[in-house]
Amino acid sequence: MDEIVVSILKMLVAGAICWINFVIIDTYFGLPEQPGVLGAKMIGEKVKDIGGNLHGGYFMGNIVCSPDASAGTLLASIMNYLMGVEGGLITALLVWIGNRLCADPGYAGTIGALTITAIISLLKPIIEPKYFVAGMVLAIFTIQGLDHKHASLLLGKIAKKMNRGE
Amino acid sequence: MDILEIVIGAVALLMTLRIFLERSRARKLLYLCCLSFCISALIALYVKSPMGGITAIVYFITSTLSSNAIAYTIEQTKHIE
């Protein structure tokens, strides 16, 4: 019983780290500023229709339409879990190829994969990489799966604070 | 079964349900994106080998590509309607 509580706590801490990692990197690279592809624009407008923030909507649309720092974070945690640090570097390369396939200039995915690799190798003695895999799923769940309106309002506020988009 | 797999599986089931209940086609894609994250994580946690990791990456990137194409098509057909 004690073990389960500890692993749930580890998962939540890892989730918070992943959330901060991918939201800050994606916002820094300008995901909320403009839709990178046409589909992201449409998703942003649909999120705005339900009372959300347009820039938060662009952020969510860009996540759907090309592998950004969120994908980089998940895939790098997976490869760190399975292969160690080399896996994180392989992921950075594959995510970069994915970015080019989606006609996205963004380096967010590559940078996100590299930073989470660094974080995981620092925290390895305390939190094992597999908790980061589950943590990232919870982090993306709070953005894409829980409540689109409030998630987009929060993302819009963060974008405003970092001077990205209005 | 590990607690991590149970949590990820529960999120995946919840997303599947919400995809069916959601009316807007555009917002279905947001839930679908979250579902791809779950499936990719589950592939890696069950197939504990480097090849499983490569499979998870390829699955995730190709699912993003198809989401990209679907979103683009929805935007294009809006003008026809």
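Residues numbered from 1 in each chain as written. Chains lettered and ligands numbered in written order. Predicted model: local features only at pLDDT ≥ 70, side-chain atom pairs only at ≥ 80, totals over all residues. Heavy atoms only, no water.

## A few points about the overall build of chain A
Turning to step 1, where the next piece is worked out: Counting secondary structure elements, chain A contains eight helices and zero strands.
Turning to step 2, where the next piece is worked out: Seen in sequence order, chain A has helices and strands lined up from the N terminus as α-α-α-α-α-α-α-α.
Turning to step 3, where the next piece is worked out: The C-alpha radius of gyration computed for chain A amounts to 16 Å, which stays within 12% of the reference 15 Å derived for 166 residues, consistent with globular compactness.
Turning to step 4, where the next piece is worked out: Viewed in the frame of its principal axes, chain A has a C-alpha envelope of about 45 × 35 × 25 Å.
Turning to step 5, where the next piece is worked out: Per-residue burial for chain A yields a buried fraction of 55% across its 166 residues.
Turning to step 6, where the next piece is worked out: Taking as baseline every contact in chain A between residues at least 6 positions apart, the subset at least 24 positions apart corresponds to 77%.
Turning to step 7, where the next piece is worked out: Only carbon and sulfur atoms are counted for the fraction: they give 67% of the accessible area of chain A, which is about 6900 Å².
Turning to step 8, where the next piece is worked out: Between the centroid of the 12 positive side chains of chain A and the centroid of its 12 negative side chains there is a distance of 6 Å. (Helix = DSSP H or I, 4+ residues; strand = E, 2+ residues; numbered from the N terminus. Rg over C-alpha atoms; globule rule 2.2 N^0.38 Å. Buried < 20%, exposed > 50% of the residue type's maximum accessible area, 1.4 Å probe, protein only. Contact = heavy atoms within 4.5 Å. Areas by Shrake-Rupley, 256 points an atom, 1.4 Å probe, with all protein chains shown as cover. Lys, Arg positive; Asp, Glu negative; His and termini not counted. Charge placed at Lys NZ, Arg CZ, Asp CG, Glu CD.)

## Points about the UniProt feature "transmembrane region" (unreviewed entry) in chain B
Residue and element names in this part refer to chain B.
Turning to step 1, where the next piece is worked out: Cross-referencing UniProt, the feature "transmembrane region" (unreviewed entry) maps to residues 6–22, 29–47 and 53–74 in the present numbering.
Turning to step 2, where the next piece is worked out: Its end C-alpha atoms 24 Å apart, residues 6–22 is made of 94% helix and 0% strand.
Turning to step 3, where the next piece is worked out: End C-alpha atoms of residues 53–74 are separated by 32 Å, and the span's content is 100% helix alongside 0% strand. (UniProt positions renumbered as here; feature names shortened; annotations may be inferred.)

## Here we look at the packing of aromatic side chains
Turning to step 1, where the next piece is worked out: In total, this model carries two aromatic pairs over all chains according to the counting rule given.
Turning to step 2, where the next piece is worked out: Ring geometry for Y28 of chain A versus F29 of chain A: centroids 5.5 Å apart, planes at 85 degrees, classification edge-to-face.
Turning to step 3, where the next piece is worked out: Between F37 of chain B and F60 of chain B, the ring centres sit 4.8 Å apart and the planes meet at 75 degrees, which makes this aromatic pair edge-to-face. Taken as a pair, F37 of chain B in helix α2 (residues 25–46) and F60 of chain B in helix α3 (residues 50–80) lie far apart in primary sequence, 23 residues in all. Summarising the burial analysis for this pair, F37 of chain B and F60 of chain B share the class buried.
Turning to step 4, where the next piece is worked out: Its guanidinium or amino end placed over the ring of Y131 of chain A, K130 of chain A lies 5.9 Å from that ring's centre, counting from NZ or CZ. (Phe/Tyr/Trp six-rings, centres within 6.5 Å; stacked < 30°, edge-to-face > 60°. Lys NZ or Arg CZ within 6 Å of the ring centre and 35° of its normal.)

## Things to note about the pattern of salt bridges
Residues and elements named next belong to chain A.
Turning to step 1, where the next piece is worked out: Counting across every chain of the model gives five salt bridges over all chains.
Turning to step 2, where the next piece is worked out: Across the pair K10 and E128 runs a salt bridge, and its minimum N-O distance is 3.4 Å. Here K10 is found in helix α1 (residues 2–28), whereas its partner E128 is found in the loop between α6 (108–123) and α7 (129–146), with 118 residues between them in sequence.
Turning to step 3, where the next piece is worked out: Judged by relative accessible area, which is 21%, K10 ranks as partly exposed.
Turning to step 4, where the next piece is worked out: E128 sits in the partly exposed class, given a relative accessible area of 33%. (Salt bridge = Lys/Arg side-chain N within 4 Å of Asp/Glu carboxyl O.)

## Observations regarding the interface of chain A and chain B
Size of an interface: often given as the accessible area lost when the parts come together.
Turning to step 1, where the next piece is worked out: With 48 residues of chain A at the interface, the matching set in chain B holds 44 residues.
Turning to step 2, where the next piece is worked out: Summed over both sides, the interface between chain A and chain B buries roughly 3800 Å², with carbon and sulfur atoms accounting for 81% of that surface.
Turning to step 3, where the next piece is worked out: In this assembly, chain A and chain B are joined by two salt bridges.
Turning to step 4, where the next piece is worked out: Salt-bridge contacts for E75 of chain B lead to K41 of chain A; the nearest nitrogen and oxygen are separated by 3.8 Å.
Turning to step 5, where the next piece is worked out: One can count five residue pairs in polar contact (both at pLDDT 80 or more) joining chain A with chain B.
Turning to step 6, where the next piece is worked out: Counting only elements with at least two residues in the side of chain A that touches chain B, the list comes to α1, α2 (38–49), α3 (54–65), α4 (69–83), α5 (85–101) and α7 of chain A.
Turning to step 7, where the next piece is worked out: The leading source of residues in the side of chain A that touches chain B is α7 of chain A, at twelve residues. (Buried area = accessible area lost by both parts, 1.4 Å probe. Polar contact = N/O pair within 3.5 Å; in protein donor to acceptor, adjacent residues only side chain to side chain.)

## Quick notes on the packing of α3 of chain A against α2 of chain B
Turning to step 1, where the next piece is worked out: Contact geometry for α3 of chain A and α2 of chain B: axes closest at 10 Å, N-to-C directions at 55 degrees. Here α2 of chain B runs oblique to α3 of chain A, going by the angle between their axes. When you trace α3 of chain A past α2 of chain B, the crossing you get is left-handed. Seen from α3 of chain A, the contacting residues are M60, I63 and V64 of chain A; seen from α2 of chain B, they are L29, L30 and C33 of chain B.
Turning to step 2, where the next piece is worked out: In terms of residue class, the contact of α3 of chain A with α2 of chain B is built from six nonpolar, no polar and no charged. (Axes fitted to C-alpha atoms, helices over the stretch in contact; angles between N-to-C directions. Parallel < 35°, antiparallel > 145°, perpendicular 65-115°, else oblique. Left-handed = near helix turned anticlockwise from the far one by under 90°. Nonpolar A, V, L, I, M, F, W, Y, C, P; charged D, E, K, R; others polar.)

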